[in-house]
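# Structural overview for review
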Amino acid sequence: MDSVSSTPQPTSTAGDSADTGVTVRCAGVRGSIPSPGPYTVRYGGNTSCVELCSGSTRLLLDAGSGIRALGRELASGDVKEHTILLTHFHWDHIQGFPFFGPLHDPACHLRVFAPGQPKADVRQLFERQMDPAFFPVPLEAAAARLTFHEASEGPVEGLGAVVHAMRVRHPSHVLGYRIELEGRVVCYVPDNELASTGYDLGPRWREEMIEFVGDADLLIHDAMYTESEYENREGWGHSTFRQAVRLAEDAGVRRLLFFHHDPARTDEQLDRIVHTLREHVAARGSRVELEAASEASSFHVEPRA
C-alpha cells in the first residue's frame with residue numbers, strides 16, 4: 001500500500017484522535033489571481049491555501065481565496081483557535097484573509113505566523129491590506145482575538161508540530177516550510193524559482209534546498225510554467241514542472257504535488273502535462289509519484305511502519 005493516499009475528503013479530520021497519520025487538504029491551488037470558469041472546474045480556480053491536520057493539530061498554509069470556503073466550514077465547528085502560516089504577502093496568498101469566517105467570530109483566537117518584511121511588521125501588513133482605500137472593513141474591526149508572529153529561517157515554534165522555514169527564490173522575503181508530524185514530512189514551497197541565479201541567497205542554496213525537502217513524504221511545490229513558457233518569464237519567481245521533478249528526485253521525495261497553477265492553465269492542459277511527465281519518470285526508473293494539486297484532493301500520509 002502507498003504511504004500517501006489521495007482521496008476526496010470534503011470534511012476536516014482535525015480533532016479525530018483515531019487518525020494517527022497526517023491529512024493534507026488543498027483548498028486553493030492556483031497562482032496569481034483566482035481563475036473560475038468552465039476550463040478550471042476540476043483542478044479549481046482559487047488561490048493558495050492548504051490545510052494540514054493531525055489529531056488536534058491543524059495548520060492553514062497561506063490565505064489565498066481558497067481560505068474563504070474553508071473558513072465557512074471551520075466556523076461551524078467547535079474548534080475556536082486557528083493558526084495560519086503564511087509564506088509571504090503577495091496578493092494570491094492573502095486575498096482571502098478578510099473573508100475568513102473565524103476572523104469575524106468573537107469566540108475565535110486567530111494566530112498568524114508570517115515572514116516580516118523590511119519596512120513593516122506582520123500586523124502592519126494586514127492593516128495595509130484592509131485599509132479603507134482597498135477594503136471596506138478595517139482590521140481593527142475584526143471580532144476575533146488576533147495575535148501576529150514573525151517567522152524567520154530556522155525553527156518556527158508554537159505550532160504544535162516541528163516546523164522549519166527556509167528562504168526561497170521569489171521576489172520579496174518569502175519562506176518555504178518543512179513540517180514534521182507523526183513521523184511524516186510534508187514540505188510546502190508554493191512560490192520558488194529553482195533555476196534562476198538572480199537571487200542573492202548564497203552559493204549553496206540549491207544544496208540547502210535539496211536538504212530542506214529531503215526524504216519528504218509529500219512535497220507541494222511551485223510548478224507554474226512549462227519549459228517553453230519559462231524562457232520569457234525567468235526572474236518572475238516561479239519554476240517549471242520539470243524543474244520541480246528534478247528537485248523531488250534529487251531530494252528523494254516520495255510524492256510531488258504540482259502547485260500554483262498558472263491562471264490560464266486549463267484542466268485538459270494539466271492532465272496532459274502530468275501524463276507526459278509520469279511517462280518520462282517511469283521510463284527513467286524514478287519512483288517519485290506525481291500529481292497536480294486540485295481543490296478536491298486530500299492526501300492521507302500514513303504513519304511510518
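Quantities reported herein were computed from a predicted structural model and do not represent experimental measurements.

## Considerations on the overall build of the chain
- When helices and strands are counted, the chain shows seven helices and 15 strands.
- The C-alpha atoms of the chain give a radius of gyration of 18 Å, which matches the 19 Å a tight globule of 305 residues would have.
- With respect to the three principal axes, the spread of C-alpha positions in the chain is 55 × 45 × 40 Å.
- The buried share of the chain, taken over its 305 residues, is 55%.
- Sequence-distant contacts, at least 24 apart, represent 70% of the contacts inside the chain between residues at least 6 apart.
- By element, 52% of the accessible surface of the chain is carried by carbon and sulfur atoms, the whole surface being about 13,200 Å².

## Some words on the packing of helix H4 (residues 205-212) against helix H6 (residues 241-251)
- Two numbers describe how H4 lies on H6: the axes approach to 8 Å, and their chain directions differ by 70°. The angle between H4 and H6 falls in the class roughly perpendicular. Regarding H4 and H6, the two cross each other, and that crossing is right-handed. Residues Arg206, Met209 and Ile210 of H4 lie in contact with H6, whose contacting residues are Arg246, Leu247, Asp250 and Ala251.
- Class assignment for the residues of the contact of H4 with H6 results in four nonpolar, no polar and three charged.

## Let's talk about the pairing of strand E9 (residues 162-167)
- Strand direction decides the pairing type here: strand E8 (residues 154-156) and E9, joined by three bridges, are antiparallel. When the bridges of E9 are listed, Gly154 appears paired with Ala165.
- Linking E8 back to E9 in an antiparallel pair, the connection comprises five residues, with Gly158 at a positive phi of about 85°.
- When E9 meets strand E10 (residues 175-181), the two strands line up antiparallel, connected through six bridges. Within the sheet, the bridge partner assigned to Arg167 lies in E10 and is Leu175.

## Focus: the pattern of salt bridges
- Considering all chains together, one arrives at 18 salt bridges under this definition.
- When the shortest N-O distance is used, the salt bridge between Asp215 and Arg254 registers 2.8 Å. In this pair, Asp215 is assigned in the loop between H4 and strand E12 (218-222) and Arg254 in the loop between H6 and strand E13 (255-259), connecting sequence segments 39 residues apart.
- Across the salt bridge formed by Arg255 and Glu291, the nearest N and O atoms sit 3.5 Å from each other. A residue pair is termed long-range when its members are at least 10 positions apart, and Arg255 in strand E13 and Glu291 in strand E14 (residues 289-292) qualify at 36 residues. Both residues of the pair, Arg255 and Glu291, count as buried.

## Let's talk about the side chain of His82
- Along the polypeptide, His82 turns up in strand E5 (residues 81-85).
- Residues in contact with His82, not counting those within four places in the same chain, are Arg58, Leu74, Pro102, Cys108, His109, Leu110 and Arg111.

## Quick look at the confidence of the model for the chain
- On average, residues of the chain carry a pLDDT of 92, and 92% of them reach 70 or more.
- Low pLDDT (under 50) marks residues 7-17, which in the prediction has 27 contacts with non-local residues, meaning those over four places away or in another chain.

## Brief notes about unusual backbone geometry
- At Ser32, a residue that is not glycine, the phi angle is positive and equals roughly 75°.
- With respect to the element layout, Ser32 can be found in the loop between strand E2 (22-28) and strand E3 (49-54).
- Despite not being glycine, Asp215 shows a phi value in the positive range, around 60°.
- Given a relative accessible area of 37%, Asp215 falls into the partly exposed group.

## Re the packing of aromatic side chains
- Evaluation of the coordinates by the stated rule reveals six aromatic pairs.
- Seen in terms of ring centroids, Phe241 and Phe258 are 5.1 Å apart; in terms of plane orientation they differ by 75°. Their pairing is edge-to-face. Taken together, the positions of Phe241 in helix H6 and Phe258 in strand E13 put the pair 17 residues apart, joining distant regions of the chain.
- Relative accessible area serves as the criterion here: at 4%, Phe241 is assigned to the buried category.
- Since its relative accessible area comes to 0%, Phe258 is described here as buried.
- A network of ring pairs unites the aromatic residues Phe89, Phe97, Phe126 and Phe148 as a single cluster.

The rules behind each value
Residues numbered from 1 in each chain as written. Predicted model: local features only at pLDDT ≥ 70, side-chain atom pairs only at ≥ 80, totals over all residues. Heavy atoms only, no water. Helix = DSSP H or I, 4+ residues; strand = E, 2+ residues; numbered from the N terminus. Rg over C-alpha atoms; globule rule 2.2 N^0.38 Å. Buried < 20%, exposed > 50% of the residue type's maximum accessible area, 1.4 Å probe, protein only. Contact = heavy atoms within 4.5 Å. Areas by Shrake-Rupley, 256 points an atom, 1.4 Å probe, with all protein chains shown as cover. Axes fitted to C-alpha atoms, helices over the stretch in contact; angles between N-to-C directions. Parallel < 35°, antiparallel > 145°, perpendicular 65-115°, else oblique. Left-handed = near helix turned anticlockwise from the far one by under 90°. Nonpolar A, V, L, I, M, F, W, Y, C, P; charged D, E, K, R; others polar. Pairing = 2+ DSSP bridges. Salt bridge = Lys/Arg side-chain N within 4 Å of Asp/Glu carboxyl O. pLDDT = per-residue confidence, 0-100. Phe/Tyr/Trp six-rings, centres within 6.5 Å; stacked < 30°, edge-to-face > 60°.

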